[in-house]
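Notes for the structure review
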Amino acid sequence: MVDIRQIDPDAPRWTRLTAQLLIDEGRRNRIYADTATPPRLTGGVGHNFTDRPVPGIKAAKGLPLTDRQIADLFYIDRRGAIFDVATRIPFALSLAPARFDALANMAFNLGIGGLLKFRHLLAAMERGDWAAAVHELDDSIWSHQIDDGVGGRIGRADRIAQLITDGDYPAER
């Protein structure tokens, strides 16, 4: 059993996941209504205030967040996504770190409940069928909703698919 107190998302093991989440979620110092239907109040680095209110932080569109609040929320949300994947997906700890991070990235965005709805993707990953897993990801509504590869750039779903396929992060350029 994984103990959440032993998960430190600031540890070197999680550096690449953290960098990917910052790219994928962005960082906003004001609370805004996201593009979901219905819109959710979001702020910081993808923190969903509608579904996960925070005691002591009033969540209303346009209200500011301090750098400390953003850092604390991002830490808690990353740790939660990592913990949820490690404890709710039994085979996840046996995956290559990049493949685990692909699932943690999805859990960060969707919540663990949303990720667990990808039953065929998870089954394919459990059996090591990376092509089938990527097919399930590419074929999902979520992939098309969030894949923001504007101007020929690859988007979030593309990056996650690449991590699943390769089992490693791309070489630094």
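So, about the nonpolar core. Core analysis: the biggest nonpolar cluster contains 48 residues, and Val-85, Ile-89, Leu-103 and Leu-115 have the highest contact counts within it. At the level of secondary structure, the elements contributing two or more residues to this core comprise α1 (15-25), α2 (67-88), α3 (97-116), α4 (119-126), α5 (130-138), α6 (141-146) and α7 (156-166). Sorting elements by how many residues they give to this core places α3 first, with 10 residues. With sequence-adjacent residues up to four places away left out, Ile-89 is seen in contact with Asp-84, Leu-103, Ile-112, Leu-115, Leu-116 and Leu-122.

Moving on, we get to the packing of α3 against α4. Closest axis-to-axis distance for the α3/α4 pair is 12 Å, and the angle between their directions is 150°. In terms of their interaxial angle, α3 and α4 are classed as roughly antiparallel. Considering the relative orientation of α3 and α4, their crossing is left-handed. On α4, the residues that touch Arg-99, Leu-103, Leu-115 and Leu-116 of α3 are Arg-119, Leu-121, Leu-122 and Met-125. Residues belonging to the contact of α3 with α4 are distributed by class as follows: 6 nonpolar, no polar and 2 charged.

Within the element layout of this structure, Thr-42 appears in strand β2 (residues 41-44). Assessed through its relative accessible area of 5%, Thr-42 is described here as buried. Side-chain polar atoms of Thr-42 contact the side chain of Asp-34, separated by 3.4 Å.

A few words on the pattern of salt bridges. All chains considered together, the criterion is met by 10 salt bridges. Residue Arg-40 pairs with Asp-51 through a salt bridge whose shortest N-O separation is 3.3 Å. Pair noted here: Arg-40 is in the loop between β1 (28-33) and β2 and Asp-51 is in the loop between β3 (47-48) and α2, with a separation of 11 residues, a long-range link. Overall, the relative accessible area of 30% leaves Arg-40 in the partly exposed class. The residue Arg-68 makes a salt bridge to Asp-72 at a minimum N-O spacing of 2.7 Å. Separated by 4 residues within a single helix, Arg-68 and Asp-72 lie in helix α2, roughly one turn from each other. Overlapping salt bridges, with partners in common, bring together Asp-24, Glu-25, Arg-156 and Arg-159 in one network.

To continue, consider the packing of aromatic side chains. One pass over the structure, following the stated rule, counts 3 aromatic pairs. Ring centres of Trp-14 and Phe-100 lie 5.7 Å apart, and the angle between their planes is 50°; on these two criteria the pair is classed as tilted. With a gap of 86 residues between them, Trp-14 in the segment before α1 and Phe-100 in helix α3 connect regions that are remote in the sequence. Both residues of the pair, Trp-14 and Phe-100, count as buried.

What counts, and where the lines are drawn
- Residues numbered from 1 in each chain as written.
- Predicted model: local features only at pLDDT ≥ 70, side-chain atom pairs only at ≥ 80, totals over all residues.
- Heavy atoms only, no water.
- Core = buried A, V, L, I, M, F, W, Y, C linked by side-chain atoms within 4.5 Å.
- Buried < 20%, exposed > 50% of the residue type's maximum accessible area, 1.4 Å probe, protein only.
- Helix = DSSP H or I, 4+ residues; strand = E, 2+ residues; numbered from the N terminus.
- Contact = heavy atoms within 4.5 Å.
- Axes fitted to C-alpha atoms, helices over the stretch in contact; angles between N-to-C directions.
- Parallel < 35°, antiparallel > 145°, perpendicular 65-115°, else oblique.
- Left-handed = near helix turned anticlockwise from the far one by under 90°.
- Nonpolar A, V, L, I, M, F, W, Y, C, P; charged D, E, K, R; others polar.
- Polar contact = N/O pair within 3.5 Å; in protein donor to acceptor, adjacent residues only side chain to side chain.
- Salt bridge = Lys/Arg side-chain N within 4 Å of Asp/Glu carboxyl O.
- Phe/Tyr/Trp six-rings, centres within 6.5 Å; stacked < 30°, edge-to-face > 60°.

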